[in-house]
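Listed below are the residues making up each chain.
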Amino acid sequence: MTNPDARKVLITGAGGMLGTDLVTVLNPHFEVGGLEKRPVVHLCVPYDICDLTQPRKTRDAILSHRPHVVIHTAALTDVDYCEDHHDEAEELNVGATKNVVDVCNELDIPVIFFSTDYVFDGSKKEPYTETDVPCPINFYGQTKLDAERYILAHAQRAIIFRITWLYGVWGRSFPKAILRQAAELKTLSVVNDQVGRPTYTWDVAQSLLTVLRDKRECVEARSREIFNLGNEGTVHWADFARFILKSENLNGIKVKDIPTSQLKRPAPRPLNSVLSLDKAREVLGLQLRPWDEAVKEFLPRWKEVKEVEEQKAKAQAAEKENIA
Ligand SMILES: NC(=O)c1ccc[n+]([C@@H]2O[C@H](COP(=O)([O-])OP(=O)(O)OC[C@H]3O[C@@H](n4cnc5c(N)ncnc54)[C@H](OP(=O)(O)O)[C@@H]3O)[C@@H](O)[C@H]2O)c1
């Protein structure tokens, strides 16, 4: 039975990597609903199919949920794809954000948005603070910055969390790519000149629970604030890969350090992705655990999810065969 006093949280991109963990973590505490572009088998809350690039459909979908807060995670997150598909990237990362913000304004409710360290060019030698001047070097970063700017100029109540090097059990991510490659190759070439904070979606979701539950006044304030968020500690991709392999006892697989210049990818990446975490700690009381502790918890959880997904896929295939 639904609790009429429960606060309603609506999550866009609810079936995505971050969205799914947000749904799982927030669901026991709030009345959680989701919006997704297409059906998702693993979602445990009611959700509607809605293409957020359509203003009218977005308005209808959000109004039908009557949420107290919207957490907007939906985005085109494939950085190289964005570099080659500007219109699509802009339509979703900027256009859909405008659509969501406009409805939140109409309802006079806060919106929580996720942005990225890719709004910076990575040339700074220290961690980036919230007040550093952005200067993206790829199109994805530019679209996320444009979305931020729309929010800062137009949203009545908003929090922007800039996150970085995100991974989780759902969807594509670096740890999974490393383990997939390790099943096929004896030596993996990984860049050693990009530094960041690997950040676990589960820990971001726990932070959102803290903020929504204990810092309600910050969420509902008539203001717009940016906070950096990430697991503690820093590492470069090659050492991150080594840590994953060691944790899985894959000691026979070698990691060869290479410079970013050797990787021919469509979108350039910033060399320094490290965000300062001071403001979130001081203002919101958020301190995520060190990144290596989080990875150790992620690995067994991912294997569990993978097994369940594989069993489901097998059952679905068998059912299809029987129907045929
Ligand atoms: N991944 C990172 O490393 C990273 C780093 C910093 C910040 N962020 C930000 O964090 C947020 C969450 O990232 P994530 O990696 O969890 O994203 P994700 O897994 O790619 O999920 C994005 C979700 O948005 C949905 N979506 C796509 N187009 C849509 C549309 N037109 N209408 C409605 N929904 C649509 C996707 O559905 P389909 O799967 O069906 O397309 C997907 O479920 C994003 O805002 C991202 O920019 C990510």
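Our subject is the structure that appears above.
Residues numbered from 1 in each chain as written. Predicted model: local features only at pLDDT ≥ 70, side-chain atom pairs only at ≥ 80, totals over all residues. Heavy atoms only, no water.

Trainee: Quick question: what am I supposed to make of the pattern of salt bridges here?
Mentor: A side chain with one charge can pair with a side chain of the opposite charge if their charged atoms come near. Counting across every chain of the model gives 20 salt bridges. Among the ionic pairs, R269 bridges to D80, the shortest N-O distance being 2.7 Å. One end of the pair, R269, is in the loop between strand 13 (254-258) and helix 10 (278-284); the other, D80, is in helix 3 (residues 79-84), with 189 residues separating them in the sequence. Residue R269 shares its accessibility class with D80, and that shared class is buried. As a salt-bridge pair, K124 and D132 come within 2.6 Å of each other at their nearest N and O atoms. With relative accessibility at 23%, the residue K124 sits in the partly exposed group. Taken together, the shared-partner salt bridges in this structure form one network comprising R7, R216 and E220. (Salt bridge = Lys/Arg side-chain N within 4 Å of Asp/Glu carboxyl O. Helix = DSSP H or I, 4+ residues; strand = E, 2+ residues; numbered from the N terminus. Buried < 20%, exposed > 50% of the residue type's maximum accessible area, 1.4 Å probe, protein only.)

Trainee: Any chance you could explain the site of the ligand here in plain terms?
Mentor: In the vicinity of the ligand there are 24 residues, among which L18, E36, R38, T77 and Y140 approach most closely. Note that an oxygen atom of the ligand is positioned 2.8 Å from one of the backbone N or O atoms of L18. Compared with its free state, where it exposes 900 Å², the ligand has 84% of that area covered by protein. When contributions to the shell around the ligand are tallied by element, the ones reaching two or more residues are helix 1 (17-26), strand 5 (111-116) and helix 5 (139-154). Taken together, the residues of the shell around the ligand break down into 11 nonpolar, 8 polar and 5 charged. (Near = heavy atom within 4 Å. Polar contact = N/O pair within 3.5 Å; in protein donor to acceptor, adjacent residues only side chain to side chain. Areas by Shrake-Rupley, 256 points an atom, 1.4 Å probe, with all protein chains shown as cover. Nonpolar A, V, L, I, M, F, W, Y, C, P; charged D, E, K, R; others polar.)

Trainee: Would you mind showing me how to read the environment of L107 here?
Mentor: Considering the arrangement of structural elements, one finds L107 in helix 4 (residues 86-107). Its relative accessible area of 19% is what places L107 among the buried residues. Measuring from C-alpha to C-alpha, the distance between L107 and V169 comes to 33 Å, with 62 residues separating the pair along the chain. Every residue in contact with L107, bar those within four places of it in the chain, is listed here: I62, L63, R66 and P67. (Contact = heavy atoms within 4.5 Å.)

Trainee: When you look at the sheet that holds strand 2 (residues 31-36) in this model, what are you seeing that I'm missing?
Mentor: Each strand in a sheet pairs with its neighbour through backbone hydrogen bonds, running either in the same direction (parallel) or in the opposite one (antiparallel). Taken in spatial order, the 7 strands line up as 3-2-1-4-5-6-11 in an open sheet, and their pairing is parallel. Taken across any chain shown, the strands that pair with only one partner, and hence form the sheet edges, are strand 3 (47-49) and strand 11 (224-228). Across the sheet, the mean angle separating the axes of adjacent strands is 20° when strand polarity is ignored. Bridge count between strand 4 (residues 69-72) and strand 5: 3 bridges; the pairing is parallel. Paired with H72 across the strands is F113, a residue of strand 5. Taken strand by strand, helix 2 (residues 55-65) contacts strand 1 (8-12), strand 2, strand 3 and strand 4, and its axis lies near 165° from that of strand 2. Helix 5 rests against strand 5, strand 6 (158-163) and strand 11 of the sheet, and its axis sits at about 150° to strand 5. (Pairing = 2+ DSSP bridges. Axes fitted to C-alpha atoms, helices over the stretch in contact; angles between N-to-C directions.)

Trainee: Before we go on, may I ask you to explain unusual backbone geometry in this structure?
Mentor: What you tend to see is this: most non-glycine residues have negative phi, and most peptide bonds are trans. Within the chain, R66 stands out as a residue other than glycine whose phi angle is a positive 45°. Residue classification places R66 among the exposed residues on the basis of a relative accessible area of 51%. Residue W165 is not a glycine yet carries a positive backbone phi of 45°. Classification of W165 as buried rests on a relative accessible area of 7%.

Trainee: Just to check I follow, could you spell out the nonpolar core for this structure?
Mentor: A general trend in soluble globular proteins is that nonpolar side chains are found buried together. Ranked by internal contacts, the top residues of the largest apolar core, which has 34 residues, are L35, L52, I62, V70, V100, V111 and I151. Counting residues per element, this core draws most heavily on helix 4, which supplies 8 residues. When near neighbours in sequence (up to four residues on either side) are disregarded, V100 contacts T12, L52, T58, I62, V70, H72 and V111. Counting 33 residues, the second-largest nonpolar core is a separate cluster that includes V25, I163, V211 and L229. (Core = buried A, V, L, I, M, F, W, Y, C linked by side-chain atoms within 4.5 Å.)

Trainee: Would you explain the packing of aromatic side chains in this entry?
Mentor: Scanning the entire structure with this criterion turns up 15 aromatic pairs. Each ring, one from F114 and one from F161, has its centre 6.0 Å from the other, and the planes form 25°; the classification is stacked. Taken together, the residues span a long stretch of sequence, with F114 in strand 5 and F161 in strand 6 at a distance of 47 residues. Assigned by exposure class, F114 and F161 land together as buried. With 5.1 Å between their ring centres and 70° between their planes, F243 and W291 make a pair best called edge-to-face. In this pair, F243 is assigned in helix 9 (residues 237-247) and W291 in helix 11 (residues 291-323), connecting sequence segments 48 residues apart. Assigned by exposure class, F243 and W291 land together as buried. Through a chain of ring-to-ring contacts, the aromatic side chains of W165, Y167, F174, Y200, W237, F240, F243, W291, F298 and W302 assemble into a single cluster. The side chain of K279 reaches across the aromatic face of F227, ending 4.6 Å from its centre. It is K306 that lies over the ring of W302; its NZ or CZ is 4.8 Å from the centre. (Phe/Tyr/Trp six-rings, centres within 6.5 Å; stacked < 30°, edge-to-face > 60°. Lys NZ or Arg CZ within 6 Å of the ring centre and 35° of its normal.)

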